[in-house]
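Next come the chains, spelled out residue by residue.
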Amino acid sequence: MASNPRLHAMTTDATRLYHNPRCSKSRGALDLLREHGVEPQIVAYLDTPSSAAELRGLLAMLGLPARSLLRAGEEIYGELGLADPSLDESTLIDAMVRHPRLIERPIFVHRGKAVIGRPPENVLSLL
């Protein structure tokens, strides 16, 4: 069975940015990191969606529940009825696995901790 390099990276201190190059906040966070001499591994999560295990790991590093990582403004959020407060963590995580556009971005991971880069300057808090 082949290993998943992103899952392996989660268990190390790999510095990475869950990045959407079409998002100005994501581009801004990457620019800030580079200005501070940090070249993170880029995770193109829209092209290669995260697994449920990877999302659970990110949520643990963020110290947030799944609902806090959802982009409520996405059309698919309403279509899937994700505003329903009775939905559990597994259901919300499954929705993000199936529809990665729902995941807030960017997410910066550094030294076993993570932060959402909104505003982009938030990424500097981990340096």
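Residues numbered from 1 in each chain as written. Predicted model: local features only at pLDDT ≥ 70, side-chain atom pairs only at ≥ 80, totals over all residues. Heavy atoms only, no water.

**Quick notes on the pattern of salt bridges**
Where side chains of opposite charge bring their charged atoms close, a pairing between them can arise.
So, step 1. As enumerated under the stated definition, the model contains five salt bridges in all.
So, step 2. Between Arg118 and Glu104 there is a salt bridge whose closest N-O contact spans 2.6 Å. Here Arg118, found in the segment after strand E4 (113-116), pairs with Glu104, found in the loop between helix H5 (89-98) and strand E3 (107-110); they are 14 residues apart in sequence, far enough to count as distant.
So, step 3. Given a relative accessible area of 16%, Glu104 falls into the buried group.
So, step 4. Connected through salt bridges with shared partners, the residues Arg71, Glu74, Glu104 and Arg118 form a single ionic network. (Salt bridge = Lys/Arg side-chain N within 4 Å of Asp/Glu carboxyl O. Helix = DSSP H or I, 4+ residues; strand = E, 2+ residues; numbered from the N terminus. Buried < 20%, exposed > 50% of the residue type's maximum accessible area, 1.4 Å probe, protein only.)

**Topic: the side chain of His110**
So, step 1. The residue His110 is located in strand E3 in this model.
So, step 2. A polar contact is formed between the side chain of His110 and the side chain of Thr15, at a distance of 2.7 Å.
So, step 3. Not counting residues up to four positions away in its chain, the partners in contact with His110 are Thr15, Leu126 and Leu127. (Polar contact = N/O pair within 3.5 Å; in protein donor to acceptor, adjacent residues only side chain to side chain. Contact = heavy atoms within 4.5 Å.)

**Here's the deal with the environment of Asp84**
So, step 1. Locating Asp84 in the fold gives a position in the loop between helix H4 (75-79) and H5.
So, step 2. Within the structure, the side chain of Asp84 is placed 2.7 Å from the side chain of Ser86, a separation counted as a polar contact.

**Some details on the nonpolar core**
So, step 1. Residues Leu69, Met96, Leu102 and Ile107 are the most contacted members of the largest nonpolar core, which totals 24 residues.
So, step 2. Of all the secondary-structure elements, those providing two or more residues to this core are helix H3 (52-62), H4, H5, E3 and E4.
So, step 3. Broken down by element, this core gets its largest block of residues, five residues, from H3.
So, step 4. Aside from chain neighbours lying at most four places away, what touches Leu69 is Leu55, Leu59, Leu62, Met96, Leu102, Ile103, Glu104, Ile107 and Ile116.
So, step 5. Within the second largest apolar cluster, nine residues are counted, among which are Ala29, Val115, Val123 and Leu126. (Core = buried A, V, L, I, M, F, W, Y, C linked by side-chain atoms within 4.5 Å.)

**Re H5**
So, step 1. For H5, the set of buried residues is Leu92, Ile93, Ala95 and Met96. For H5, the arc enclosing every buried residue in end-on projection is 155°, short of the 170-degree limit, so these residues lie on one face.
So, step 2. The inward-facing, buried residues of H5 contact H3. (Arc of directions from axis to C-beta.)

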